[in-house]
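Chains, contacts and geometry: an overview
Letter by letter, the chains look like this.
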Amino acid sequence: MSELNPERARQAIVEHTRRLAASAAAAGPEAAVPTASKWTVSDLVSHMGQTQNWVAEIIERRISDPTQLPMEMAVFPTDPREWQAWLSQSAQRVANACSDDALGAPVFNPAGDGRSGTRFWLTSMVNEAVVHGFDAANAAEQAADIDADIAAALISNHLAMLTSPTWEMQRSESAHAIRGTGQTLQWVATDVTDDTGAWFVERRPDGAAWSPGARQADVTVTGPARSLLLALTRRLPLSDGAAAGISIDGDTDLAQHWLDNTAHISG
């Protein structure tokens, strides 16, 4: 699985959280978040800062037992004038927690895959900052840039989560829905030139599986890595994909079924 260089990931957390804070200020606390329909901007900021502080504590304390996870969340400042400083602090805290020394430390990995706990959390925190940064920008009617290498790494992380043992245990309805009898899907990024820019998914009777690289598939979705990430995280409908440079070759219903049944819980 392709992963971002740790320093690149830490920088992305800080930078995309900064952008989220700026977009939140522009939108206002009571603004709706169209791409996370149950949330206001205030909810989005609260979720972002509290999640970053919560994860930082897990890594700082080297928590490896899930029964020992923190029970209390950071206090959310209700005054929007304090949000920028609060988010800056939370982003820097979790980036610092994911230090080189912590990367191999015994830390709980909720995915139950082969990554160390800190590497799992590092990528997850990039995903939170990038995807929710897009949500905030959308609420403020602003553009949101996502570099191709970051988007590609987050697509790999997304598929790793959907095919992880934890997804089967905690989201059994989704895991069952994306099983199949050999149906295949492929996502290909036009702005990433090596195998890290192609993702092949096979829906097997015992569960979905993915691997990097391009192969013949029942449906191939092609476009910039940013657009593919936003489609996979249900921020960009496939029906609007043409405007974002997405093309679909093959069974469109198969691709839509995958998206309809792979939503994460939050947002």
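In short, a report on the structure.

Rules of the game
- Residues numbered from 1 in each chain as written.
- Predicted model: local features only at pLDDT ≥ 70, side-chain atom pairs only at ≥ 80, totals over all residues.
- Heavy atoms only, no water.
- Pairing = 2+ DSSP bridges.
- Helix = DSSP H or I, 4+ residues; strand = E, 2+ residues; numbered from the N terminus.
- Axes fitted to C-alpha atoms, helices over the stretch in contact; angles between N-to-C directions.
- Contact = heavy atoms within 4.5 Å.
- Buried < 20%, exposed > 50% of the residue type's maximum accessible area, 1.4 Å probe, protein only.
- Lys, Arg positive; Asp, Glu negative; His and termini not counted.
- Salt bridge = Lys/Arg side-chain N within 4 Å of Asp/Glu carboxyl O.
- Polar contact = N/O pair within 3.5 Å; in protein donor to acceptor, adjacent residues only side chain to side chain.
- Parallel < 35°, antiparallel > 145°, perpendicular 65-115°, else oblique.
- Left-handed = near helix turned anticlockwise from the far one by under 90°.
- Nonpolar A, V, L, I, M, F, W, Y, C, P; charged D, E, K, R; others polar.

**Some details on the sheet that holds strand β1 (residues 183-189)**
The five strands are arranged β3-β2-β1-β4-β5 in an open sheet whose pairing can be described as mixed. On the outer flanks of this sheet lie β3 (207-212) and β5 (247-250), each paired with one strand and no other. In this sheet, adjacent strand axes meet at a mean angle of 15 degrees when their direction is disregarded. Sitting on the sheet, helix α5 (residues 148-162) is in contact with β2 (198-204) and β3, with an inclination near 10 degrees to β2.

**Notes on the side chain of Glu-128**
Tracing the sequence through the fold places Glu-128 in helix α4 (residues 117-139). Of the side chains with opposite charge, Arg-235 lies nearest to the buried Glu-128, which makes no salt bridge, at 8.0 Å. Reaching out from Glu-128, the side chain makes a polar contact with the side chain of His-47 at a distance of 2.7 Å. Once residues within four sequence positions are removed from consideration, Glu-128 is found in contact with His-47, Met-48, Thr-51 and Gly-133.

**Here's the deal with the pattern of salt bridges**
By the definition in use, this model includes 13 salt bridges. We note a salt bridge from Arg-93 to Glu-60, for which the minimum N-O separation is 2.8 Å. Of this pair, Arg-93 sits in helix α3 (residues 83-97) while Glu-60 sits in helix α2 (residues 41-60), placing them 33 residues apart in sequence. Residue classification places Arg-93 among the partly exposed residues on the basis of a relative accessible area of 25%. Among the charged side chains, a network of salt bridges with common partners joins Glu-7, Arg-10 and Asp-100.

**Quick notes on the packing of helix α1 (residues 6-27) against α2**
Running from N to C, α1 and α2 point in directions that differ by 155 degrees, and their axes come no closer than 10 Å. As judged from the angle between their axes, α1 and α2 are roughly antiparallel. The crossing of α1 and α2 is left-handed. Here α1 contributes Ile-13, Thr-17, Leu-20, Ala-24 and Ala-27 to the contact with α2, which in turn contributes Val-41, Val-45, Met-48 and Gln-52. Among the residues forming the contact of α1 with α2, the class breakdown is seven nonpolar, two polar and no charged.

**A short note on the environment of Asp-149**
Summarising the element assignment, Asp-149 is placed in helix α5. Along the sequence, Asp-149 and Arg-8 sit 141 residues apart, while their C-alpha atoms lie 9.9 Å from each other. Here Asp-149 is in contact with Leu-4 and Arg-8, once residues within four sequence places are set aside. A polar contact is formed between the side chain of Asp-149 and the side chain of Arg-8, at a distance of 2.8 Å.

**Section: the packing of α2 against α3**
Where α2 contacts α3, the axes come no closer than 8 Å and their chain directions differ by 30 degrees. Between α2 and α3, the angle is such that the two are roughly parallel. The chirality of how α2 crosses α3 is left-handed. Its residues placed into classes, the contact of α2 with α3 shows 12 nonpolar, eight polar and three charged.

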